[in-house]
Amino acid sequence: MSSTIAESSNGAESAVLDLHKKFIETNQPSPDFLALNRKALGQFAKLKFPHRKHEMYTFVNTKGLASAPFSLKKESSIQREFVEQHVYAGCERSHLTLVDGVLRPELSDATALGTAVMVGSLAEAIKDKSVKSLLQESIESENDVFASINSAFMIQGIMIRVGRDNQIEAPLQILNVSTGGESGPVMTVPRVYVHLEPLSELKLIVKYVGEGDNYFVNSVQDMVVEENATLTHIQVQADSTDAWHFSKNRVRLKRDSRYLGYQATNGARLVRHHNEGWLSEPGAELVLNGVSVLVDDEQSHQFIRVHHEVENCTSHQCFKNIINHRARASFDGTVVVNKGAQLTSSDQLINNLMLSDEGHADCKPNLMIFADDVKCAHGATVGQLDEGQLFYLRTRGLSEDVAKEILTQSFARSIIQEIPFAPVVEELNQTLLKKLEAN
């Protein structure tokens, strides 16, 4: 069964509001969830779908997405064999499978995590006042309309909590499977809350795949990393080529904590990653690296805001895009150094490699500095293959196509090899880099 977002005479916003009424009647969320759903719907009504000059969507055209007749998928089936082929080596007993945004216990196995990691329902977790307060604050201050839609329609979610002074050896994988829609496009709203207590460590791998076509995965992840804790977060977007994929990651870092983020994007009809980080206590460190390989009409867009709220914090960003045919990529990233955040160290580097004259890349790195004792830098490049390097390889007997393949793969591999999980590196060498092979 499904309800459909159909374009109404009052526009796409009215259609979402109408759908939400049906959603509440059909799903009857718990009182705690219902309160959050309604707050999120109120925020959605304030934000509305972005227009062309919207600050967050300067380089992203969402008109087609906003007006698409999406359904909310329910009662999906999936073969265990499909899940098993997307579970990484080393995660066989430490993976959670979400099918169309809903946790499927029978397709999950978290036994390797032991008692040091608490995995449960977000509906249960929000009975904790601190968790509920954090989610409520996020929803009420939400600045992204699509993340508000996620909160308005969430009926479930998963909570992952690592206990104090626990260094988890087994990597934890979250596998998001979208089954698509046969009679029309469907939307799913995966929701994850991750909390690392002081002195803990976790390696989290999140992978998005499609078992079908014609879907919109609209994902939100909230992450809290407490004092002296380290979260390594690897995100792999490998959806079907005709999918829409939006993800928002919110990270809150406490004293001497670390967030190490790595994102690999295969591209689709429209991909947008929204990353926000708050370095709220001294000694916090945020690292965010990304790579995308785009061909045909694929798109990938990054929107990033990093907030240095106090002194002695560090952030690093490095993104590389390879763009061929009519593909599009963009990077809109701002580092905000607030008043009093002295001794901040921050840098951004964005490199775009263009393989065709029809591709398009936009870069907007930005620094907003309100402190006077900082070390901050940013840079961006858009260019083609180095003719000198290409000539050198040609003089060594390589064909032009093979020489281009070597150079483009080397460009992407410099980010891929930094990912601290060998099975992901191996997979990306076989999938992402395969898109760059000479014909």
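Parameters and conventions
- Residues numbered from 1 in each chain as written.
- Predicted model: local features only at pLDDT ≥ 70, side-chain atom pairs only at ≥ 80, totals over all residues.
- Heavy atoms only, no water.
- pLDDT = per-residue confidence, 0-100.
- Contact = heavy atoms within 4.5 Å.
- Salt bridge = Lys/Arg side-chain N within 4 Å of Asp/Glu carboxyl O.
- Helix = DSSP H or I, 4+ residues; strand = E, 2+ residues; numbered from the N terminus.
- Buried < 20%, exposed > 50% of the residue type's maximum accessible area, 1.4 Å probe, protein only.
- Pairing = 2+ DSSP bridges.
- Phe/Tyr/Trp six-rings, centres within 6.5 Å; stacked < 30°, edge-to-face > 60°.
- Axes fitted to C-alpha atoms, helices over the stretch in contact; angles between N-to-C directions.

### Observations concerning the confidence of the model for the chain
Part 1: Counting all residues, the mean pLDDT for the chain is 91, and 97% of those residues have values of 70 or more.
Part 2: Taken together, the stretch residues 1–9 has pLDDT below 50 and engages in 25 contacts with residues farther than four places along the chain or on a different chain.

### What about the pattern of salt bridges?
Part 1: A complete count under the given rule lists 21 salt bridges for this structure.
Part 2: A salt bridge links E142 to R250; its shortest N-O distance comes to 2.3 Å. Here E142 is found in the loop between α6 (129–140) and α7 (145–153), whereas its partner R250 is found in strand β12 (residues 244–253), with 108 residues between them in sequence.
Part 3: For R161, the salt bridge is made with E197, and the minimal N-O distance between the two is 2.8 Å.

### Notes on the pairing of strand β10 (residues 215–225)
Part 1: Of all eleven residues that make up β10, eleven are buried, and the element is covered over most of its length.
Part 2: Where burial is concerned, the two faces of β10 agree: the one with Y215, V217, S219, Q221, M223 and V225 and the one with F216, N218, V220, D222 and V224 are both buried.
Part 3: Strand direction decides the pairing type here: strand β7 (residues 186–188) and β10, joined by three bridges, are parallel. Within β10, the residue paired with V186 across the bridge is Y215.
Part 4: Where strand β8 (residues 191–196) lies against β10, six bridges are found, and the strand directions are parallel. Bridged to L196 within β10 is V225.

### Topic: the packing of aromatic side chains
Part 1: Taken as a whole, this structure holds eleven aromatic pairs when the rule is applied.
Part 2: A centroid spacing of 6.1 Å and a plane angle of 90° characterise the contact between F146 and F216, whose relative ring orientation is edge-to-face. On the criterion of sequence distance, the pair formed by F146 in helix α7 and F216 in strand β10 is long-range, its members being 70 residues apart.
Part 3: Looking at F216, the relative accessible area reads 2%, which means it is buried.
Part 4: Look at F216 and F246: their rings are 5.5 Å apart centre to centre, the planes differ by 90°, and that puts the pair in the edge-to-face class.

### Some thoughts on the sheet that holds strand β17 (residues 314–323)
In a beta sheet, neighbouring strands pair by backbone hydrogen bonds and run either parallel or antiparallel.
Part 1: Read across the open sheet, the ten strands follow the order β3-β2-β6-β9-β11-β13-β15-β17-β19-β21; overall the sheet is mixed. Strand pairing shows two members of the sheet lacking a second neighbour, β3 (102–103) and β21 (374–383), which therefore form its edges.
Part 2: Sheet topology places strand β11 (residues 230–238) next to strand β13 (residues 258–265); eight bridges connect them, and they run parallel. Within β13, the position partnered with V236 by the bridge is A264.
Part 3: Running at roughly 150° to β17, helix α9 (residues 400–416) makes contact with β15 (285–294), β17 and β19 (344–354) of the sheet.
Part 4: Contacts from helix α10 (residues 422–430) reach β9 (201–210), β11 and β13, with the element oriented near 25° to β11.

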